[in-house]
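# Commentary on secondary and tertiary structure
So you can see what is in the structure, the chains are spelled out below.
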Amino acid sequence: MRSAVLKSTSELLRRSRRGYSSSATPERKVAILGAAGGIGQPLALLMKINPLVSSLSLFDIAGTPGVAADVSHINSPALVKGFMGDDQLGEALEGSDVVIIPAGVPRKPGMTRDDLFNINAGIVKGLCTAIAKHCPNALVNMISNPVNSTVPIAAEVFKKAGTYDEKKLFGVTTLDVVRAKTFYAGKAGLPVSEVNVPVVGGHAGITILPLFSQATPASNSLSQEDIVALTKRTQDGGTEVVEAKAGKGSATLSMAYAGAVFADACLKGLNGVPDVVECSYVQSTVTELPFFASKLQRGHFNSG
């Protein structure tokens, strides 16, 4: 079992390194705000083993020194520093290329994403105010729920500060894509590593719209009833995890993975890798809505 785990980890690192040499890869600093939380800790681990990260800054209101010490023992190149409390937030952010925000209160049984708004909106406002001051050119990856609301809040903070760039603020909806791929592959009997399913709309309930009609590879084995069921399961994926954890947590591990996937796309875009495509909730003209999740082409990710 141990050898299998090591082999899988080695393969992950190998895949991430493709197309890069250590001498050609730019120095990139990634900051995680909320790094001691349920999403933040596994996300810190995944970013530590990403070879595109040269400096990893971990911030939270408490507990970060221990997380930083733990993660720093991993034998990968990224240098790790932990920062704790509001007085160290500026130092944590200084010089960051990508800022990932999983900070906030997670969902509990019976809670909707809207129930999180009053608490998490204040947290996001404070963090984004600091980002505007200390690293205004960073790509900001918003994980804190409700994403449909926290992204517009961040945009308003950046506008007020005079630092807003619509191509540098992303609502991370990658978990919806990850779920859609997994559920579709399982139902269609396809290798999940070869499956792709675009997901558009938003990041809450019925606003999550997986486009199984555009899934690749296409499958003729799924009925309309199957598609409806897959759509509902993707939309209710967060609730499924909350209920399965019986009130003791939410989707932290899968969200950390999805956050790492999206952050990796941002880093590749900053480094000039062509044809980087991911779905994200951003300012949009695709519909009449001011923000909408859709496929982003390379122009978005290469804006840094």
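Before reading further, recall that the structure is shown in the block above.
First, a word on what this report is: a plain description of the structure on this page. (Residues numbered from 1 in each chain as written. Predicted model: local features only at pLDDT ≥ 70, side-chain atom pairs only at ≥ 80, totals over all residues. Heavy atoms only, no water.)

### Some remarks on the packing of aromatic side chains
- According to the stated counting rule, one finds 3 aromatic pairs in the structure shown.
- Seen in terms of ring centroids, phenylalanine 170 and phenylalanine 262 are 5.4 Å apart; in terms of plane orientation they differ by 65 degrees. Their pairing is edge-to-face. Residue phenylalanine 170 is found in strand β6 (residues 169-171), and its partner phenylalanine 262 is found in helix α10 (residues 253-270); the two are separated by 92 residues along the sequence.
- For phenylalanine 170, a relative accessible area of 0% gives the class buried.
- When the ring centre of phenylalanine 183 is taken as origin, the NZ or CZ atom of arginine 233, which lies over that ring, is 3.9 Å away. (Phe/Tyr/Trp six-rings, centres within 6.5 Å; stacked < 30°, edge-to-face > 60°. Helix = DSSP H or I, 4+ residues; strand = E, 2+ residues; numbered from the N terminus. Buried < 20%, exposed > 50% of the residue type's maximum accessible area, 1.4 Å probe, protein only. Lys NZ or Arg CZ within 6 Å of the ring centre and 35° of its normal.)

### A look at the packing of helix α2 (residues 40-48) against α10
- Contact geometry of α2 with α10 gives a least axis separation of 8 Å together with a crossing angle of 35 degrees. Crossing of α2 against α10: the hand is right-handed. Mapping the contact onto sequence places Pro42, Leu43, Leu46 and Met47 in α2 and Leu253, Ala256, Tyr257, Gly259, Ala260, Ala263 and Leu267 in α10.
- Split by residue class, the contact of α2 with α10 holds 10 nonpolar, 1 polar and no charged. (Axes fitted to C-alpha atoms, helices over the stretch in contact; angles between N-to-C directions. Left-handed = near helix turned anticlockwise from the far one by under 90°. Contact = heavy atoms within 4.5 Å. Nonpolar A, V, L, I, M, F, W, Y, C, P; charged D, E, K, R; others polar.)

### Things to note about empty space enclosed by the protein
- Using the criterion set out here, one finds 1 cavity of 30 Å³ or more in the structure.
- By volume, the largest cavity is sized at about 70 Å³.
- As for the largest cavity, its lining consists of Ile131, Ala132, Pro136, Ala138, Val140, Phe158, Thr163, Tyr164, Asp165, Lys168 and Leu169. (1 Å grid on protein atoms, 1.4 Å probe; cavity = no way out; pocket = protein on both sides within 12 Å on 5 of 7 lines; lining within 4 Å. Points joined across faces, edges and corners; volume = space filled by probe spheres on them.)

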